[in-house]
Amino acid sequence: MKAKATLKQIAKELNVSVSTVSKALNDSPEISEQTKTKIKEYAKLKNYKPNVIGLNLKNRKTKTIGVIIPDILNSFFAKVFSGIEKVADERGYNVIMCISNESLEKEAHTLEMLSNGTIDGFILSVSEEAQKQNSYDHFKEIINDGTPIVMFDRIAEGIDCDKVIVDDFDSALDSTQRLIDLGCKNIALLSSVDNLSVGKLRFEGYLKALEKNNIPVNNNLIIRTDSEDDLKIQMETVFANNTIDGIFALEENDSVAALRMGLKKGYKIPEELCIIGFADGILASRRLSPSLTTVSQHGIEIGEEAAKLLIKRLEDVSEEEPPYETKIIKTVLKERETTARV
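Bear in mind the structure is a predicted one, so any value in this text is a computation, not a measurement.

Caption draft 1: Broad picture of the overall build of the protein chain. When its secondary structure is counted, the protein chain shows twelve helices and twelve strands. Among the 342 residues that make up the protein chain, the fraction classed as buried is 55%. Of the contacts formed within the protein chain by residues at least 6 apart in sequence, a portion of 73% connects residues at least 24 apart.

Spelled out as structure tokens, the structure:
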């Protein structure tokens, strides 16, 4: 059986735009008869078959966006979804949310299931398993078939699509620098997201801050794992065998675990131990005692920007596909009691 061609493949072979191919296959009066004939004959030769919603992506009228998030219990993703839904509602789009549960297989299946015409485009954050295995072919296939994707937070560097990220490296550098400015010299780094792109960037920011301040890296103070349970076990060892006066935690649950461990070990916070963590949730910030100083990722704003990028691409009517954009959202360090040294 011959493999089915895609609009992009036909456009590339004939050196025309995807829009021109779509219009020709739809008998648009904007395209000359000669060009229509050439494109139709080539499409037939290459076994091109339209999807159930029609030939022209730009003319799809499902007005529905598919959102795939890795973890429904993570407050950051909940905030992002809230931002997506706000913009989508304002622009007359519906939203379908699916959860990958960090599974590559489920992520790929959801993309395939919804891209048959159920939705017009996707907004997603890459699953942990996909990043761990560096497996991104399922994204390429969807994009090549003409369905746009906007990635946020966790992204796949090698995939050409619109993206919305936060300044993970810079915010980690600034957070570590804040701990140094407070007088911390033995700063532990706690990460249960080491296999994710965001975890790696935040770790690099931490190292850069130490380097800038001529503080030697102490590997005994660094925990890099992809398991929250493993993190907690290693934390016991780090606290038992080292002097610590600062902690930089790279994820919300890491931040909560760090604070609880510090209190359990009898540290006076922030007099003896300062803590900063990446967190967007209420639990990890205001409702803990002492309240936690956090790097706020502006989840709602990320969602809004992602939705705007996707809708902009869906509603673009130009002949040539516009270049992909990467929006960078600046984080904010929200100082609370875990760094409130007088």
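Once you've had a look at it, read on.
Caption draft 2: Representation of the packing of aromatic side chains. Tallied over the full model, the rule gives six aromatic pairs. Taking 6.2 Å as the distance between ring centres and 25° as the angle between the ring planes, the aromatic pair formed by Tyr136 and Phe139 counts as stacked. Accessibility expressed as a relative area gives 0% for Phe139, which makes it buried. Through a chain of ring-to-ring contacts, the aromatic side chains of Phe76, Phe77 and Phe152 assemble into a single cluster. Over the ring of Phe278 we find Arg202, and its NZ or CZ is 3.7 Å from the ring centre. For the cation-ring pair, Arg224 lies above Phe203, with the distance from its terminal atom to the ring centre recorded as 3.7 Å.

Caption draft 3: Expanded view of a nonpolar patch on the surface. Taken together, the side chains of Ile72, Leu73 and Met97 present a nonpolar region at the surface, about 300 Å² in accessible area. Relative to the helices and strands, Met97 is located in strand E2 (residues 94-99).

Caption draft 4: A look at the sheet that holds strand E12 (residues 332-334). The six strands lie next to each other as E7-E6-E8-E9-E10-E12, forming an open sheet whose pairing is mixed. Each edge of the open sheet is held by one strand with a lone partner, namely strand E7 (222-224) and E12. Ignoring strand direction, the axes of neighbouring strands in this sheet form an average angle of 15°. Sheet contacts for helix H8 (residues 168-181): strand E6 (187-191), strand E8 (246-249), strand E9 (274-278), strand E10 (293-296) and E12; angle to E9, the most-contacted strand, approximately 170°. In the packing of helix H10 (residues 228-241) onto the sheet, the strands contacted are E6, E7 and E8, and the crossing angle to E7 comes to about 170°.

Caption draft 5: Region of interest: the sheet that holds strand E1 (residues 64-69). The strand order across the open sheet formed by six strands is E2-E1-E3-E4-E5-E11, and the pairing between neighbours is parallel. The sheet is open, and its two edges are formed by E2 and strand E11 (326-329), each paired on a single side. Taken over all neighbouring pairs, the strand axes of this sheet differ in orientation by 15° on average, direction set aside. Sheet analysis places E1 next to strand E3 (residues 121-124), joined by four bridges and oriented parallel. Looking at the pairing, Val67 lines up with Ile123 of E3. Strands E1, E2, E3 and strand E4 (149-152) of the sheet are contacted by helix H4 (residues 75-90), whose axis makes an angle of about 160° with E2.

Caption draft 6: Layout of the side chain of Ser192. Along the chain, Ser192 falls in the loop between E6 and helix H9 (197-212). A distance of 2.6 Å separates a polar atom in the side chain of Ser192 from a polar atom in the side chain of Asp254. Sequence-distant contacts of Ser192, defined by excluding residues within four places in its chain, comprise Thr225, Asp226, Ser227, Glu228, Leu231, Glu251 and Asp254.

Caption draft 7: The environment of Ile68, seen in detail. Mapped onto the elements of the fold, Ile68 is located in strand E1. Distance from Ile68 to Asn101, taken between C-alpha atoms, is 9.6 Å for residues 33 residues apart in sequence. Setting aside its immediate chain neighbours within four residues, Ile68 contacts Cys98, Ser100, Glu107, Thr110, Leu111, Phe122, Ile123, Leu124 and Ser125.

Here is what the cut-offs are and how they apply
- Residues numbered from 1 in each chain as written.
- Predicted model: local features only at pLDDT ≥ 70, side-chain atom pairs only at ≥ 80, totals over all residues.
- Heavy atoms only, no water.
- Helix = DSSP H or I, 4+ residues; strand = E, 2+ residues; numbered from the N terminus.
- Buried < 20%, exposed > 50% of the residue type's maximum accessible area, 1.4 Å probe, protein only.
- Contact = heavy atoms within 4.5 Å.
- Phe/Tyr/Trp six-rings, centres within 6.5 Å; stacked < 30°, edge-to-face > 60°.
- Lys NZ or Arg CZ within 6 Å of the ring centre and 35° of its normal.
- Patch = residues over 30% accessible without salt bridge, like charges linked within 9 Å, V, L, I, M, F, W, Y side chains within 5 Å.
- Areas by Shrake-Rupley, 256 points an atom, 1.4 Å probe, with all protein chains shown as cover.
- Salt bridge = Lys/Arg side-chain N within 4 Å of Asp/Glu carboxyl O.
- Pairing = 2+ DSSP bridges.
- Axes fitted to C-alpha atoms, helices over the stretch in contact; angles between N-to-C directions.
- Polar contact = N/O pair within 3.5 Å; in protein donor to acceptor, adjacent residues only side chain to side chain.

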